[in-house]
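Structural features, examined
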Amino acid sequence: MTGQALAASGIAEAAPDPWIPGQWRIRAGTKVGVTAVTLPDGRVITVRIRPKVPIARLLFLLGYSRNPKGWRTDEVPMAEETELLPVLARLFAVQTEEALRQGLIQGYQPTEETALIVRGRIREADQIRKHHGRFLPLEIAHDEFTADIAENRLLRTACERLLRLPVRVSKDTRGKLQRLRVRLAEITPIDRGHQVPSWRASRLNARYHKALRLAELVLHGSSVEHHPGDVMVSGFLFDMARVFEDFVTVALREALADDGGHCVLQDGHHLDEDRQIRIVPDFVRYSGDGIPVAVADAKYKAEKPEGFPDADLYQMLSYCTALNLPEGHLVYAKGNATHAAHRVRHAGITIHQHALDLDQPPAELLDEIGALARLLST
């Protein structure tokens, strides 16, 4: 039953052992993190999947893709950590404590309410619909100066999620999170399934920036909650394929920011003239007059002895054909194969395959992306 539940959950690859009846083989896919799987009989199992890259590097990839000029992860030692969530919880607790040291920031929040006095403006349509011409009570809308704003709601909700997730954090970190929850007790948390409110970096919320970006990572990772059949999955997971794709495309865009033209991530096109076959390259660079000049796709894939999968070459060939480009670039997390270039017969198209080493320090990793960006700009 456990093997079937894991197979249904999609968090790991699970299949019956072909040689030993009654046993299953379990292996990690592309997801990392921790999650609780509730079986049909009510039992709960906790699954922990550790990333192959160091935790500090994973946090850098996550943070950079969401904000290239944002926070770094050198504030809290993590050299011996092997799991993502305890480190993220510790970073969040430290940064949020620092953010709230001077108190909660406040701002104006649009508010609609029923009242006996006029504040702001009367919502005439609601007044007529609800009260049929009566003068009181009044349906009004006004801006209220309050601490119950998007920034504090993000911090409150991230704190709640970290305290509920199935993971062991240190006693010190848990204590910090519990004290933060008390400080944010009057703030409205974001209900599951509701859209996370947006915030804009400004001078007024500058001391919140690092904590808010960590809160967004927490809420993004802890959004996994679904019911595949009779199995319930709830936890904190990141898909390394998506993390790698986001990092590569954002880093390429940043590296080419000063070279003119513009870059589009997840750029939708069609392969055929009837516009029936849709293709979505991860990264397309355009010239100043809007003509595609480069295309790239990021592929985080398990290693295979013979090198890169051929299907990726066919996919990139379709991108180059549709965009009328002579070259295309596939970017992999470093595996068994090194850089390769394939010139397609009768097409005049060359497909490059690059391997990006994620074990490098951040500065060297960005240098390697910069070198790749220079190839796309020639």
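Everything quoted here is computed from the prediction, not taken from an experiment.

Reading guide: rules and limits
Residues numbered from 1 in each chain as written. Predicted model: local features only at pLDDT ≥ 70, side-chain atom pairs only at ≥ 80, totals over all residues. Heavy atoms only, no water. Buried < 20%, exposed > 50% of the residue type's maximum accessible area, 1.4 Å probe, protein only. Helix = DSSP H or I, 4+ residues; strand = E, 2+ residues; numbered from the N terminus. Pairing = 2+ DSSP bridges. Core = buried A, V, L, I, M, F, W, Y, C linked by side-chain atoms within 4.5 Å. Contact = heavy atoms within 4.5 Å. Phe/Tyr/Trp six-rings, centres within 6.5 Å; stacked < 30°, edge-to-face > 60°. Arc of directions from axis to C-beta. Axes fitted to C-alpha atoms, helices over the stretch in contact; angles between N-to-C directions. pLDDT = per-residue confidence, 0-100. Expected span 1.5 Å × (residues − 1). Parallel < 35°, antiparallel > 145°, perpendicular 65-115°, else oblique. Left-handed = near helix turned anticlockwise from the far one by under 90°. Nonpolar A, V, L, I, M, F, W, Y, C, P; charged D, E, K, R; others polar.

1. Considering the pairing of strand β17 (residues 349-356)
- With 8 of its 8 residues buried, β17 lies for the most part within the structure.
- Two strands pair when backbone bridges link them, and strand β15 (residues 327-333) and β17 are joined in this way by 7 bridges, in the parallel orientation. The residue of β17 that forms the bridge with G328 is I351.
- Where strand β16 (residues 340-344) lies against β17, 5 bridges are found, and the strand directions are antiparallel. Bridge assignment links H342 to a residue of β17, and that residue is I351.

2. A few points about the nonpolar core
- In this structure, F92, L155, F247, L252 and L356 are the most contacted members of the largest nonpolar core, which totals 70 residues.
- With 9 residues, the top contributor of residues to this core is helix α3 (residues 84-99).
- Beyond its immediate sequence surroundings of up to four residues, L252 is in contact with F283, A296, I369, L372, A373 and L376.
- Counting residues in each nonpolar core, the second largest holds 14 residues, with L323, L330, Y332 and I349 among its members.

3. Focus on the packing of aromatic side chains
- All told, the structure shown has 4 aromatic pairs when counted by the stated rule.
- Between the aromatic rings of F60 and Y64, the centroid separation amounts to 5.6 Å while the plane-to-plane angle is 45 degrees, which identifies the pairing as tilted. Separated by 4 residues within a single helix, F60 and Y64 lie in helix α2 (residues 55-66), roughly one turn from each other. For the pair F60 and Y64, one class covers both residues: buried.
- Here the aromatic residues F60, Y64 and F247 are joined through ring pairs into a cluster of three or more.

4. Details of helix α1 (residues 2-9)
- For α1, the complete set of buried residues consists of G3, A5, L6 and S9. The buried residues of α1 occupy one face: seen down the axis, they fall within an arc of 160 degrees.
- Immediately beyond the C-terminal end of α1, within one or two residues, lies G10, with a positive phi of roughly 80 degrees.

5. Some words on the pairing of strand β4 (residues 44-49)
- Residues I45, V47 and I49 of β4 are buried on one face, while the alternating residues V44, T46 and R48, pointing to the opposite face, are not.
- In this structure, the hairpin formed by strand β3 (residues 31-38) and β4 is closed by a connection of 5 residues, where G42 is found at a positive phi of approximately 95 degrees.

6. A short note on the sheet that holds strand β10 (residues 262-265)
- Reading across from one edge, β10-β13-β14-β15-β17-β16 is the order of the 6 strands in this open sheet, with mixed pairing throughout. Two strands bound the open sheet, and with one partner strand each, they are β10 and β16. In this sheet, adjacent strand axes meet at a mean angle of 20 degrees when their direction is disregarded.
- Strands in contact with helix α8 (residues 240-255) are β10, β13 (283-286), β14 (292-299), β15 and β17; relative to β14, the strand with the most contacts, it is inclined by about 150 degrees.
- Helix α10 (residues 362-376) rests against β13, β14, β15 and β17 of the sheet, and its axis sits at about 175 degrees to β17.

7. Describing the confidence of the model for the chain
- With 85% of its residues at a pLDDT of 70 or more, the chain shows a mean pLDDT of 83.
- Mean pLDDT values for the elements of the chain range from 53 in strand β8 (residues 225-226) up to 96 in β13.

8. Looking at helix α7 (residues 209-221)
- Taking 1.5 Å per residue as the helical rise, α7 with its 13 residues ought to reach 18 Å, and the 19 Å between its terminal C-alpha atoms agrees with that figure.
- Of all the 13 residues making up α7, 10 are buried; the element is thus mostly covered by neighbouring parts of the structure.
- What α7 keeps buried is the set H209, A211, L212, R213, L214, A215, L217, V218, L219 and G221.

9. Describing unusual backbone geometry
- The phi dihedral of R275 is positive, around 55 degrees, even though this residue is not glycine.
- Here R275 lies in the loop between β11 (269-270) and β12 (278-279).
- Take R275: its relative accessible area is 58%, and that puts it in the exposed class.
- In this structure, H346 is a non-glycine residue whose phi angle is positive, near 65 degrees.
- You can see H346 is positioned in the loop between β16 and β17.
- Since its relative accessible area comes to 81%, H346 is described here as exposed.

10. Looking at the packing of α3 against helix α6 (residues 171-183)
- Relative orientation of the contacting elements α3 and α6 amounts to 45 degrees, with a least axis distance of 9 Å. Relative to α6, the element α3 lies oblique. In terms of crossing hand, the pair formed by α3 and α6 is left-handed. Contact residues: A89, R90, F92, A93, T96 and E97 in α3; T173, K176, L177, R179 and L180 in α6.
- Among the residues making up the contact of α3 with α6, the classes are represented as 5 nonpolar, 2 polar and 4 charged.

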